[in-house]
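Read off the chains here:
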Amino acid sequence: MLHDGAHRMHHDIERILFTESQIAQRVRELGQQISQDYEKLLGEKIFREPPIAVGLLRGAVIFLADLARAMPIPLELAFVAISSYGMSSSPGELRVVKDLEVPVAGRHILIVEDIVDTGQTLAHLQELLNARHPASVKICALLDKTPRRARAVKLDYVGFTLTEDAFVVGYGLDYAERYRNLPYIAALKQSAITT
Ligand code: IMP
């Protein structure tokens, strides 16, 4: 039976890396910083052409929901979904399974990603968006997991850096579609990972 303590750890969790309050604090800081940068960049134009925050489905949904509310500027929200063929551990071929529904030519885009691992997904999305001639493309990643980086991507805003190659879940991040609703970010027990 589940106890009502909000912090009761899921039994598949090995260790919490970032707590709910650490995440909330960092998201507030990011929201403020990003908003200030766009205000500086756009001035009064921000009211006519607000930036578009483009979230990657499904991992970035929870992060974007909180980040957007920490940004006190005009903002539009949009979503894309990219999936990879083949094994999850190999780069595989990437495919857009849900594209943007709005034209982005001349618009300022903020890509919002949950975690950057090899960098393939972001590199692919950047190429796709750049071909549509946006005014600018910036990237905000909640987690920058560095050990397996294969494509160099410039991250403009990073929540937390992970230097260990841990598989993490929670706050939108999944393993086999589970654990996205955990309020913290944690490393999964090896026993919970079926290979
Ligand atoms: P990349 O293309 O290798 O950078 O992978 C990015 C995608 O892989 C992310 O959007 C996640 O969906 C997934 N991913 C990578 N590492 C993790 C992890 O530790 N936990 C959950 N998902 C991950």
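Everything discussed here concerns the structure shown above.
Per chain, the residues get numbers from 1 upward, laid out in the order the sequence is written. This being a predicted model, a pLDDT of at least 70 is required before a residue's local features are given, and a value of 80 or more before pairs of side-chain atoms are given or counted; all residues contribute to the totals for chains, interfaces and linings. The side-chain figures draw on all heavy atoms in the structure; neither hydrogens nor water molecules are used.

**Details of the overall build of the chain**
Stage number 1. Helix and strand definitions follow DSSP, with helices as H or I runs of at least four residues and strands as E runs of at least two, each counted in order from the N terminus. In terms of helices and strands, the chain carries 4 helices and 9 strands.
Stage number 2. Listing every helix and strand of the chain by position from the N terminus yields β-α-α-β-α-β-β-β-α-β-β-β-β.
Stage number 3. With the radius of gyration taken over C-alpha atoms, the globule rule is written as 2.2 Å times the number of residues to the power 0.38. For 195 residues, the compact-globule estimate of 2.2 N^0.38 gives 16 Å, and the chain sits close to it at 17 Å.
Stage number 4. Each residue is assigned to one of three classes by its accessible area relative to the maximum for its type, calculated with a 1.4 Å probe on protein chains only: buried under 20%, partly exposed between the two thresholds, exposed over 50%. Looking at the chain residue by residue over its 195 residues, the buried ones come to 45%.
Stage number 5. Note on contacts: a residue pair is in contact if any heavy atoms of the two residues lie within 4.5 Å. Pairs at least 24 apart in sequence give 64% of the contacts found in the chain among residues at least 6 apart.
Stage number 6. Per-residue and other accessible areas were derived by the Shrake-Rupley procedure at a 1.4 Å probe size, with only the shown protein chains allowed to occlude residues. Summed over all atoms, the accessible surface of the chain reaches about 10500 Å², with 52% contributed by carbon and sulfur.
Stage number 7. For this count, His and the chain ends are skipped, Lys and Arg are scored as positive, and Asp and Glu as negative. Here the site of a charge means atom NZ of a Lys, CZ of an Arg, CG of an Asp or CD of a Glu. The chain carries 22 positive and 24 negative side-chain charges, and their two centres are separated by 1 Å.

**Section: unusual backbone geometry**
Stage number 1. Of the consecutive residues Leu57 and Arg58, the connecting peptide bond is found in the cis state with omega at -5 degrees.
Stage number 2. Among the secondary structure elements, Arg58 is positioned in the loop between β2 (52-57) and α3 (61-69).
Stage number 3. Of note in this structure, Tyr171 is not a glycine but carries a positive phi near 50 degrees.
Stage number 4. Looking at the element boundaries, Tyr171 is found in the loop between β8 (168-169) and β9 (185-188).
Stage number 5. Despite not being glycine, Tyr179 has its phi angle at roughly 75 degrees, a positive value.
Stage number 6. Examined against the element boundaries, Tyr179 turns out to sit in the loop between β8 and β9.

**Concerning the environment of Phe79**
Stage number 1. You can see Phe79 is positioned in strand β3 (residues 76-84).
Stage number 2. Discounting residues that sit within four places of it in the chain, Phe79 has contacts with Gly55, Leu57, Val61, Leu64, Lys98, Asp99 and Leu100.

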